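Next come the chains, spelled out residue by residue.
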Amino acid sequence: MHNQPFTFELPKQGGIPSEYDNHLVRRLSSMRGMYRDHAAYEALLSQGDPVHYEVYEIKRPEVAGELLQGVSVIHPGKVGNEYFMTKGHFHQVLETGEVYYCLSGQGMMVMETPEGDWSVQEFCPGQVLYVLPRWAHRSVNTSLTQDLVFFFAYPGNAGHNYGTIEQQGFRKLIVESNGAPLVVDNPHWKHR
Ligand code: M6P
Ligand code: ZN
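For every chain, the first residue of its written sequence is number 1, and the numbers climb from 1 along that sequence. Note on labels: chains are lettered from A, ligands numbered from 1, in written order. In keeping with the model being predicted, local features are shown solely for residues with a pLDDT of at least 70 and side-chain atom pairs are shown and tallied solely at 80 or more, while totals for entire chains, interfaces and linings include all residues. The side-chain quantities take in all heavy atoms of the structure and omit both hydrogens and water.

Regarding the layout of surface pockets
Only protein atoms enter the 1 Å grid used here. Points where a 1.4 Å probe fits but cannot escape make up a cavity, open sets with protein on both sides within 12 Å along at least five of seven lines make up a pocket, and a residue lines them when an atom lies within 4 Å of a point. Grid points are joined across faces, edges and corners, and a volume is the space filled by probe spheres set on the points. Here the largest pocket is characterised by a volume of approximately 290 Å³. Within the residue set of the lining of the largest pocket, elements represented by two or more residues are strand S1 (22-27), strand S2 (51-58), strand S7 (98-104), strand S11 (136-141) and strand S12 (148-155). Each helix is a run of H or I in the DSSP string that is no shorter than four residues. Each strand is a run of E no shorter than two, and both are numbered from the N terminus.

Remarks on unusual backbone geometry
Backbone geometry places arginine 134, a non-glycine residue, at a positive phi of 85 degrees. Structurally, arginine 134 can be placed in the loop between strand S10 (128-131) and S11. Buried residues are those whose accessible area, probed at 1.4 Å on protein chains only, stays under 20% of the maximum for their type, while exposed residues exceed 50% and partly exposed ones sit between those limits. Overall, arginine 134 belongs to the partly exposed group, its relative accessible area being 27%.

Describing the coordination of the zinc ion (ligand 2)
Each protein donor to the zinc ion (ligand 2) is listed here as His89 (NE2), His91 (NE2), Glu98 (OE) and His137 (NE2); together their distances run 2.1 to 2.2 Å. Of note is the zinc ion (ligand 2), whose four donor atoms meet at the metal with angles of 85 to 158 degrees in an arrangement that counts as irregular. Sequence spacing of the donors to the zinc ion (ligand 2): H-x1-H-x6-E-x38-H. Linking histidine 91 in strand S6 (residues 90-91) with histidine 137 in strand S11, this pair joins segments that are 46 residues apart in sequence. You'll find histidine 91 and histidine 137 in the same group, each marked buried. Counted as donors are the N, O and S atoms within 2.8 Å of the metal, or 3.2 Å for Na, K and Ca, while water is not among the atoms, so some sites may look incomplete. Labels for metal geometry use angle windows, namely 85 to 135 degrees for all angles of a four-donor tetrahedral site, and for square planar (four donors) or octahedral (six donors) sites opposite donors over 155 degrees apart plus all others within 65 to 115; sites meeting none of these are irregular.

Section: the nonpolar core
Throughout this description, the term nonpolar core refers to a set of buried Ala, Val, Leu, Ile, Met, Phe, Trp, Tyr and Cys residues connected via side-chain atoms within 4.5 Å. With 34 residues, the main nonpolar core has Met31, Tyr35, Tyr41, Tyr100, Phe123 and Leu129 as its most contacted residues. Mapped by element, the contributors of at least two residues to this core are helix H1 (38-46), S2, strand S3 (67-74), S7, strand S8 (107-112), S10, S11 and S12. Only heavy atoms matter for contacts: two residues are in contact if any of them lie within 4.5 Å across the pair. Beyond its immediate chain neighbours, meaning those up to four positions away, methionine 31 contacts Tyr41, His52, Tyr53, Met85, Thr86 and Lys87. Formed by nine residues, the second largest nonpolar core is a distinct cluster that contains Phe8, Tyr56, Ile58 and Val73.

And the structure:
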């Protein structure tokens, strides 16, 4: 870990950062129950367990004054008619935000609050997206050919709460309809 201020490079066309400490790989098998079409999920999984998305993290102490940062790469594909996406999470410390900068690809960020407010923002290269404190967030790759690549930074003490989303899902799903992404209600969303 650095003990002096430091710089690193992010390739403008996407790709991996010039330095990182941790490479997190999520395969399709870690997404069980996250997609609406369970049969399509099992069918895809039976053909192999492809890498779904990857996160390159720069390690910093997980304390309030620090910023945790890195690059995420979401590979293209669909489960049924839903595009590949991240699990999504609330922050354990709910009152912490997160900033994203899109480097390449095409995507959407699906967000909601514990009170059930929701927002879906399109996300394309050059755009900064600010996730307000209290908002759960999931990124969706709406291209079927290209990786979605973005830089992120969030407070060191934020933590990840996956349990709430695993239980209730997000209010909105992003599906392909006539070759384009469409925001639809999640029929299984339960407010707990
Ligand atoms: C973003 C950040 C990371 C997160 C990653 C994968 O890059 O928010 O903190 O780990 O997405 O998303 P998830 O943790 O929801 O699987
Ligand atoms: Zn987050």
